[in-house]
Amino acid sequence: MKKIAILFLTVLMAWPVAASASPVTFSVSEDFSYDDNIYLTDGDETDSFISATNVGAQYKANIPGSGLELSANGLVGYNAYTEDSSTNNFWNAAGSVQLKNSWLNVGDNFIYTSDPANSALTERAERIQNIGYVSFKTSSEKKFGVGISADDVFDRYMKSEWSYLNRNRVNLGAQLYYNVSPKTNFFAEYTYSDINYQDNKENESTGNSVGLGVNGQLASKLSGTAKITYDMRDYDESIAGVDSYNDLVGYYVALEWQPTARNTVRLSGQRRMEETLYGNNRYFADTLVSLYASQKIYDKWTASLTLSWEDMDYAYEYQGEKRNDGVYTIRPEVDYQFKDWLSAGVWYQWRNRDSNTEGYDYDSNKAGVFVKALF
């Protein structure tokens, strides 16, 4: 919490200087959709129309004489269901502040939301999450550089029946860079992590992770980050029949290819240990791959398609078998830009979870229209 306090004091001191240089941008959006399976169940689906209304504000400015850029964002939304509205309706909110330049990046992200029923940890439940972070990197003008990073991830559920999911994770990292150019580098990294639960002491652990990767402008029209990782985790307490040490070879990919000004392709993916409280499993191996492609049609139309696959592989048997889930998502969308400040669109999403454990399969079809205005 001390890091967060220092961050906001920094922002408050910088705000009067930066505020004179840039206005605030406001946004209002409305998404009206139909979902044929809001509880993500198999066989006895419940459908609903959903109205999602969001109001947001963004502030962005350079602080004169410092080389620092200050940004702040806020969003408040209300989600209304025609099915059992007293239970399903919920508010959501998000806020962030960031102060950065070429060598420093410090900020804080906050969300208040309601977990959907497809969460690997829990059914729908109100929660807050706060992530404070800071990173430092030496100049990319020299051949070799070093960096340090730290972040704190704080999760709290609003109702006492979900308190067993309350946890805090601290990550501390160091990086060594080889700068091929000011825009491209190879890097090696080490990260230490510590996970503490409010109630579930059996799931508390410390971790060590090493990684090798490349970052920046990888080709004339390709940019992003790609790395391979090796994660090791030691749990503080023992459980009969369950290993207290686990390791996993993983990866992280976030690449963008823009062959022309009218086309964009993004590839993202990650394989990592993810926290869970399913049976004797304290983690599952989570593998995710997502591909997004967009094509601008004429001047005002944009068509896009998102394809994703996620595999959740649990290490230990529960009720006689090792659970494995595969989640597949297809989402096409078409947007129309009426004005620079006004856009609208239509979308459809099909999602399927194929599990080897009874009761976890589902199919979901959602479709909607939206309109967004900027002021």
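Residues numbered from 1 in each chain as written. Predicted model: local features only at pLDDT ≥ 70, side-chain atom pairs only at ≥ 80, totals over all residues. Heavy atoms only, no water.

Enquirer: Which parts of the structure should I look at to understand a negative patch on the surface?
Expert: Taken together, the side chains of Asp42, Asp44, Glu45 and Asp363 present a region of like negative charge at the surface. Of note, Asp42 is situated in the loop between β1 (24-35) and β2 (48-63). Classification of Asp42 as exposed rests on a relative accessible area of 56%. (Patch = residues over 30% accessible without salt bridge, like charges linked within 9 Å, V, L, I, M, F, W, Y side chains within 5 Å. Areas by Shrake-Rupley, 256 points an atom, 1.4 Å probe, with all protein chains shown as cover. Salt bridge = Lys/Arg side-chain N within 4 Å of Asp/Glu carboxyl O. Lys, Arg positive; Asp, Glu negative; His and termini not counted. Charge placed at Lys NZ, Arg CZ, Asp CG, Glu CD. Helix = DSSP H or I, 4+ residues; strand = E, 2+ residues; numbered from the N terminus. Buried < 20%, exposed > 50% of the residue type's maximum accessible area, 1.4 Å probe, protein only.)

Enquirer: Sorry if this is basic, but what is going on with the pairing of β2 here?
Expert: Put simply, side chains in a regular strand alternate between the two faces of the sheet. Here β1 runs beside β2; their pairing, made up of 12 bridges, is antiparallel. Opposite Asp35, over in β2, you have Ser48 as the bridge partner. The sheet contact formed by β2 and strand β3 (residues 68-81) spans 14 bridges and is antiparallel. Considered in β3, the bridge of Gly56 is made with Leu75. Once β2 ends, the chain turns through 4 residues before running back antiparallel as β3, passing Gly65 with a positive phi of about 75 degrees. (Pairing = 2+ DSSP bridges.)

Enquirer: It is not clear to me how the nonpolar core should be interpreted in this structure. Could you clarify?
Expert: One broad rule of soluble globular proteins: the nonpolar side chains tend to lie buried together. Of all hydrophobic cores here, the largest spans 9 residues; its members are Tyr59, Ala61, Ile63, Leu68, Leu70, Ala72, Val97, Leu99 and Val106. Listed in part, the 7 residues of the second largest apolar core include Tyr278, Phe284, Tyr314 and Val327. (Core = buried A, V, L, I, M, F, W, Y, C linked by side-chain atoms within 4.5 Å.)

Enquirer: Which parts of the structure should I look at to understand the confidence of the model for the chain?
Expert: Close reading of the predicted structure is inappropriate where its pLDDT is low. The predicted model of the chain averages 90 in pLDDT, with 92% of residues at 70 or higher. Low pLDDT, under 50, characterises residues 1-22; the predicted model gives this stretch 32 contacts beyond four residues in sequence or across chains. Overall, residues 118-122 carries pLDDT values under 50, and its contacts beyond four positions in sequence, including any with other chains, amount to 19 contacts. (pLDDT = per-residue confidence, 0-100. Contact = heavy atoms within 4.5 Å.)

Enquirer: What is the right way to read a nonpolar patch on the surface from this model?
Expert: On the surface, a cluster of nonpolar side chains totalling about 850 Å² of accessible area is made up of Phe32, Tyr34, Phe49, Ile297, Tyr298, Trp301, Val334, Val346 and Val369. In this structure, Tyr298 sits in the loop between β14 (283-297) and β15 (301-318). For Tyr298, a relative accessible area of 66% puts it in the exposed group.

Enquirer: How do you make sense of the environment of Glu237 when you look at a structure like this?
Expert: Within the secondary structure layout, Glu237 lies in the loop between β11 (222-235) and β12 (245-257). Through-space distance from the C-alpha of Glu237 to that of Ser205 is 8.4 Å; in sequence the pair is 32 residues apart. Beyond its immediate chain neighbours, meaning those up to four positions away, Glu237 contacts Lys201, Glu202, Ser244 and Arg282.

Enquirer: Hey, could you run me through the packing of aromatic side chains in this one?
Expert: Aromatic rings considered in pairs are described by the distance between their centres and by the relative angle of their planes. Applying the stated criterion across every chain yields a total of 14 aromatic pairs. Seen from their ring centres, Tyr34 and Phe49 are 5.1 Å apart, and the 50 degrees between their planes marks the pair as tilted. In this pair, Tyr34 sits in strand β1 while Phe49 sits in strand β2, placing the two residues 15 residues apart along the sequence. Its relative accessible area of 40% is what places Phe49 among the partly exposed residues. Judged by centre distance (6.3 Å) and plane angle (50 degrees), the ring pair of Tyr177 and Phe187 falls under tilted. You can see Tyr177 sitting in strand β8 (residues 167-181) and its partner Phe187 sitting in strand β9 (residues 184-197), a full 10 residues away along the chain. Summarising the burial analysis for this pair, Tyr177 and Phe187 share the class buried. A connected cluster of aromatic rings, assembled from ring pairs, spans Tyr278, Phe284, Tyr314, Tyr318 and Tyr360. (Phe/Tyr/Trp six-rings, centres within 6.5 Å; stacked < 30°, edge-to-face > 60°.)

Enquirer: I keep staring at the environment of Ala285 and nothing clicks. Help me out?
Expert: On the secondary structure map, Ala285 appears in strand β14. What makes Ala285 buried here is its relative accessible area of 7%. Taking the C-alpha atoms as reference points, Ala285 and Arg272, 13 residues apart in sequence, are found 5.8 Å from one another.

Enquirer: When you look at unusual backbone geometry in this model, what are you seeing that I'm missing?
Expert: Where the residue is not glycine, phi is negative for most of them; where a peptide bond is considered, it is trans in most cases. Even without glycine at this site, Leu40 takes up a positive phi of about 50 degrees. Examined against the element boundaries, Leu40 turns out to sit in the loop between β1 and β2. Look at Leu40 and you get buried, because its relative accessible area is 15%. Backbone geometry places Tyr298, a non-glycine residue, at a positive phi of 55 degrees.

Enquirer: Could you clarify how one ought to interpret the pattern of salt bridges in this entry?
Expert: Once the charged atoms of two side chains with opposite charge are near each other, the side chains can pair. In the structure shown here, the tally under the stated rule is 9 salt bridges. The partner of Glu204 in a salt bridge is Lys201, and the shortest N-O contact between them spans 3.2 Å. Taking the relative accessible area as the measure of exposure, Glu204 reaches 9% and is therefore buried. Owing to a relative accessible area of 39%, Lys201 belongs among the partly exposed residues under this scheme.

Enquirer: Teacher, can you tell me more about the side chain of Ser294 here?
Expert: For Ser294, the location among the structural elements is in strand β14. Those residues within four positions of Ser294 in sequence are excluded, and the remaining contacts are Arg262, Asn263, Thr264, Thr302, Ala303 and Ser304.

Enquirer: What should I look at first to understand the pairing of β8 in this one?
Expert: With 12 bridges connecting them, strand β7 (residues 144-157) and β8 associate as antiparallel partners. Following the sheet pairing, Phe144 is matched in β8 by Tyr178. Hairpin connection between β8 and β9: a loop of 2 residues separates the two successive antiparallel strands.

Enquirer: Got a minute to help me understand the side chain of Asn79 in this structure?
Expert: Topologically, Asn79 is positioned in strand β3. Ignoring sequence-local partners within four residues, the contact set of Asn79 consists of Ser51, Ala52, Asn88, Asn89, Phe90 and Asn92.

Enquirer: How should I be thinking about the environment of Gln129 in this particular structure?
Expert: When you line up the elements, Gln129 lands in strand β6 (residues 126-137). Residues Gln129 and Thr46, spaced 83 residues apart in sequence, show a C-alpha to C-alpha distance of 29 Å. One polar contact links Gln129 to Asp155, side chain to side chain, over a distance of 3.0 Å. (Polar contact = N/O pair within 3.5 Å; in protein donor to acceptor, adjacent residues only side chain to side chain.)

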